[in-house]
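# Remarks on the overall topology
Single-letter residue listing:
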Amino acid sequence: MKFVRFIMKNTALASVPKHIEHFSKFSPSPLSMKQFLDFGSINACEKTSFVFLRQELPVRLSNIMKEINLLPDKLLTTPSVKMVQSWYVQSLMEILEFLDKNPDDHKLLGEFVDTLITIRNRHNDVVPTMAQGIIEYKEAFPQDPVTNQNIQYFLDRFYMSRISIRMLINQHTLIFDGTTNPVHPNTIGSIDPHCQVGDVVQDAFQSAKMLCDQYYLRSPDLMLQEMSKKKNLPLSIVYVPSHLYHMLFELFKNAMRATIETHENKNDLPPIQVLVSLGGEDLSIKVSDKGGGVPFRRIENLFSYMYSTAPAPQIGEHSRPPLAGFGYGLPISRLYAKYFQGDLQLYSMEGHGTDAVIYLKALSTDSVERLPVYNKTALKNYKVCQEADDWCIPSKEPIDMSIYKAAK
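Residues numbered from 1 in each chain as written. Predicted model: local features only at pLDDT ≥ 70, side-chain atom pairs only at ≥ 80, totals over all residues. Heavy atoms only, no water.

We now examine the sheet that holds strand β5 (residues 282-289). With respect to topology, five strands assemble into an open sheet ordered β2-β4-β5-β7-β6, the strand pairing being mixed. Each edge of the open sheet carries a strand with a single partner, namely β2 (222-227) and β6 (343-349). Averaged over all pairs of adjacent strands, the angle between their axes in this sheet comes to 15 degrees, without regard to strand direction. Of the pairings in the sheet, the one linking strand β4 (residues 272-278) to β5 comprises six bridges and is antiparallel in character. Across the sheet, the residue bridging to S277 is S284, located in β5. Contacting β2, β4 and β5, helix α10 (residues 197-216) runs over the sheet at an angle of about 165 degrees to β2. (Pairing = 2+ DSSP bridges. Helix = DSSP H or I, 4+ residues; strand = E, 2+ residues; numbered from the N terminus. Axes fitted to C-alpha atoms, helices over the stretch in contact; angles between N-to-C directions. Contact = heavy atoms within 4.5 Å.)

Dropping the structure here:
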């Protein structure tokens, strides 16, 4: 019997490239926040969701798996990246088993929920494992700007794809597992139709403050101000509270660390100021600190996966400094903002401090998933070669003008 299972497993594995090729020819179908909300609250039909996901998840997985294969061979052969690839192959195979099954079978729908939970748990460590793969690559091979640019392009798309796949899985499992969230009974899956931004700001700040107090034995205070046409009402939008919390927690950690290290010899720390503003199109959250700022030339580095100021932690290490990690906090926070058509921008004044602004869509109809698609345009980005700069590169040393003096 074991031999039969072994043969069947190897036959399924052999067919994986064919399935990836097939499903990567389809573009993912982006959903709006309103579609997520309407489906979960009004038309919550498990059978419909099952039929959609058994087609959509292979499409999203296959699109990004095609791009994994475009990475440099030296990166693909690292143990960590090979492990991530194996997780994606296994998850794709498990979903494909439901492709031709009867959606009217109630038992099958329960098995599908269990499979999705297994897949989600398997992919829990994708971000640190892929980060470990990048470290293995950097330690073993010399760096060049073109390869770094390709890896940056890929990781933005890879992690965005992961956010979207987890969103679909979370919506289905949370809505159809038969239980209600006791902490947030009004949420639709992971979406809060009335996400009170001020509450999420306070939660994220308190979590970052607790870490900061443990590490530095003190922390700056919070000054929160909300601006809206609706006076005396807390600002709320349709959003995923966990996504917003992730972004704010990262910004607060950075702001607290910078503030304390800049003012370490002072008794009083300047507060971190947060301004939340709701307009017709955007909800904007500005986090301002007086932590000394960052030189302008380093701003882009803060969003780079290939650059980190902190020592790399080991996966599973519990003794890591709480205010540092792989250096992926900011780039992934920006992806969370961009996922529903928002953004995260940094504006810094060296010698003073930094303003970080999160832009979100105010309307649920405008909040549509931003998804990577594998096509010829994407392919071109992996074939970028280093060309001569069409702007003069300034010399680090001043030019000695005396050599140009006319002979007497």
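Per-residue pLDDT for the protein chain averages 89, and the proportion of residues at 70 or more is 88%. Considering only residues more than four positions removed or in separate chains, one finds that residues 3-8, a stretch of pLDDT under 50, has zero contacts. Below a pLDDT of 50 lies the segment residues 317-322, which in the model reaches six contacts outside its immediate sequence neighbourhood of four places, other chains included. (pLDDT = per-residue confidence, 0-100.)

What follows is about the packing of helix α3 (residues 33-41) against helix α9 (residues 145-176). Orientation of α3 relative to α9, taken along the N-to-C sense of each, is 20 degrees, at an axis distance of 11 Å. Classed by the angle they form, the pair α3 and α9 counts as roughly parallel. Judged by the sense of rotation from one axis to the other, the crossing of α3 with α9 is right-handed. Two secondary-structure elements touch here, α3 through F36, F39 and G40 and α9 through M167, L168, Q171, I175 and F176. Of the residues belonging to the contact of α3 with α9, the class tally is six nonpolar, two polar and no charged. (Parallel < 35°, antiparallel > 145°, perpendicular 65-115°, else oblique. Left-handed = near helix turned anticlockwise from the far one by under 90°. Nonpolar A, V, L, I, M, F, W, Y, C, P; charged D, E, K, R; others polar.)

Our focus in this paragraph is the pattern of salt bridges. One pass over the full model with this rule turns up 10 salt bridges. Between E369 and R60 there is a salt bridge; the shortest N-O distance is 2.9 Å. Of this pair, E369 sits in the loop between β7 (353-361) and α13 (376-381) while R60 sits in helix α4 (residues 46-68), placing them 309 residues apart in sequence. Considered together, E369 and R60 belong to a single accessibility category, that of buried residues. (Salt bridge = Lys/Arg side-chain N within 4 Å of Asp/Glu carboxyl O. Buried < 20%, exposed > 50% of the residue type's maximum accessible area, 1.4 Å probe, protein only.)

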